[in-house]
Protein chains: 2
Amino acid sequence: MAGATPVRRPYAARMAPDERRTQLLDTALGIALERGFHDVTIDGVARAAGVTRPVVYGLFADRAALLDALVDRAEVRALAQLAPSLPAVPGLHDDVDPDELLLAGLAAFLSAVQADPDTWRVVLLPPEGGPAELTARMTAGRRGALRALRELVEWGIARRGGPDLDADLFARTVLTLSEGAARLLLQQPGRYPPERFAAFTRALLGGLLPA
Amino acid sequence: MAGATPVRRPYAARMAPDERRTQLLDTALGIALERGFHDVTIDGVARAAGVTRPVVYGLFADRAALLDALVDRAEVRALAQLAPSLPAVPGLHDDVDPDELLLAGLAAFLSAVQADPDTWRVVLLPPEGGPAELTARMTAGRRGALRALRELVEWGIARRGGPDLDADLFARTVLTLSEGAARLLLQQPGRYPPERFAAFTRALLGGLLPA
DNA sequence: CTATGTTGCTACAGGTGTGTAGCAATTCCG
DNA sequence: CGGAATTGCTACACACCTGTAGCAACATAG
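Residues numbered from 1 in each chain as written. Chains lettered and ligands numbered in written order. Predicted model: local features only at pLDDT ≥ 70, side-chain atom pairs only at ≥ 80, totals over all residues. Heavy atoms only, no water.

Caption draft 1: Summary view of the domain arrangement of chain A. Residue and element names in this part refer to chain A. Domain assignment breaks chain A into domain 1 (13-60) and domain 2 (71-206). Taking only C-alpha atoms into account, the centre of domain 1 sits 31 Å from that of domain 2. Every contact between the two is made by eight residues of domain 1 and, on the other side, twelve residues of domain 2. Summed over both partners, the interface of domain 1 with domain 2 buries about 790 Å², with 76% contributed by carbon and sulfur atoms. On the surface where domain 1 and domain 2 come into contact, there are one salt bridge. Residue Arg73 is joined to Asp26 by a salt bridge in which the shortest nitrogen-to-oxygen separation is 2.9 Å. On inspection of domain 1 and its partner domain 2, the count reaches one residue pair in polar contact (both at pLDDT 80 or more). Of the residues contributing to the side of domain 1 that touches domain 2, the split by class is five nonpolar, two polar and one charged. (Domains from an automatic or database assignment. Contact = heavy atoms within 4.5 Å. Buried area = accessible area lost by both parts, 1.4 Å probe. Salt bridge = Lys/Arg side-chain N within 4 Å of Asp/Glu carboxyl O. Polar contact = N/O pair within 3.5 Å; in protein donor to acceptor, adjacent residues only side chain to side chain. Nonpolar A, V, L, I, M, F, W, Y, C, P; charged D, E, K, R; others polar.)

Caption draft 2: Structural context of the nonpolar core. Counting 54 residues, the largest nonpolar core has A:Phe37, A:Val40, A:Leu66, A:Leu70, A:Leu110, A:Trp120 and A:Phe197 as its most contacted members. Among the elements that make up this core, the one with the highest residue count is helix H4 (residues 63-82) of chain A (eight residues). For A:Leu66, the residues in contact, after removing those within four places along its chain, are A:Leu25, A:Ala28, A:Val40, A:Ile42, A:Val45 and A:Phe60. Of all hydrophobic cores here, the second largest spans 28 residues; its members include A:Leu146, A:Ala171, B:Phe197 and B:Phe200. (Core = buried A, V, L, I, M, F, W, Y, C linked by side-chain atoms within 4.5 Å. Buried < 20%, exposed > 50% of the residue type's maximum accessible area, 1.4 Å probe, protein only. Helix = DSSP H or I, 4+ residues; strand = E, 2+ residues; numbered from the N terminus.)

In structure tokens, the structure reads:
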């Protein structure tokens, strides 16, 4: 039929590098949330953004760099939201109620999650499938969180005078349950509003009064 | 140099289908545990097993079927180990201590994990990266476990007479923490022996005595 | 209405994986 | 020892992804 009309691709809207960069990150974010990190490919992102691969390569060195930038942005955002409400470890005799501190922390965390769900979805996503660097990175982040929590918890246990709990396990418990709560909140905000977790936690802690 | 000697591949040891099948599943298991489901490919399994792809295709229809068989086997094994110690829901007035029931359940679970770590590693592996079917399947399994747990927990809360806890959240808490404990046990059995979790749980529950 | 920089595109070369058709080596049994 | 029957292998046709080199379209300032 027709004599090989080469069919040039319609030119994508031009965009300043910064703008394109965030557009591409948003696109990558969408794919990561839908199908996991392992399905974030340069090719896929380019197509989803309506652009060709070289455009992506102009802004990110390779797939690893793209993913890195993606979680980097998420971490920065997440921390920015959280930082204001991160409590320092009080002194042993300060007049601070450990239970209230924990509840306040949980509330702050959950409301951050609620305020910017997609960011937190990334942070909470299992790193499986990403390159090893990514996994290492996210594991390191979790370890940091755990360390900070453990200090708080040690203070809390000493201060509180209830049962003498294993601080390490308790810190892990708090972290794990908080993440679990966040996941439920993200999946079914209707059924699992923050207040529900607050009430549950309060009931648990209330039962744990010092003898 | 040489006149195109075609270099035939050394013939792999012949094997009856059933035997080969389990060999391939074992190989796939190894890869899954090392690098996650997403890196279990027909090609990779074939190579790791010292065999060519058609051999694998002779036993599994495709990658999805292979993964399905893999987790299938793991689920069967896991359930077989667990079934003997799965408690039925006691009557409201039966003479059973809910705390002891929970502790016994945890102990049984952790000792199953310890007895067959690789099987449980599969069950506890995040399904991310596998095909959607796999994710659906593993999610369904978790839902089943949760349903069973919730019934037990409802009984326990009523029977116990402590604080009136949200049964759904409590069941989720137990499930999440048990999984977490299993993961720790699998990663660092030295630092996190089953008794440590038992002691921690006992301390927690002990603090929760009915008023 | 050009000239120049910017942004995007095409095209290539290569890697790894999927799934299938048809042939070749082995094994086993008469 | 000589056929089946069984088991494994080679080869092919795709599909999708990675990176890169060089060209084409656009935008804007003069």
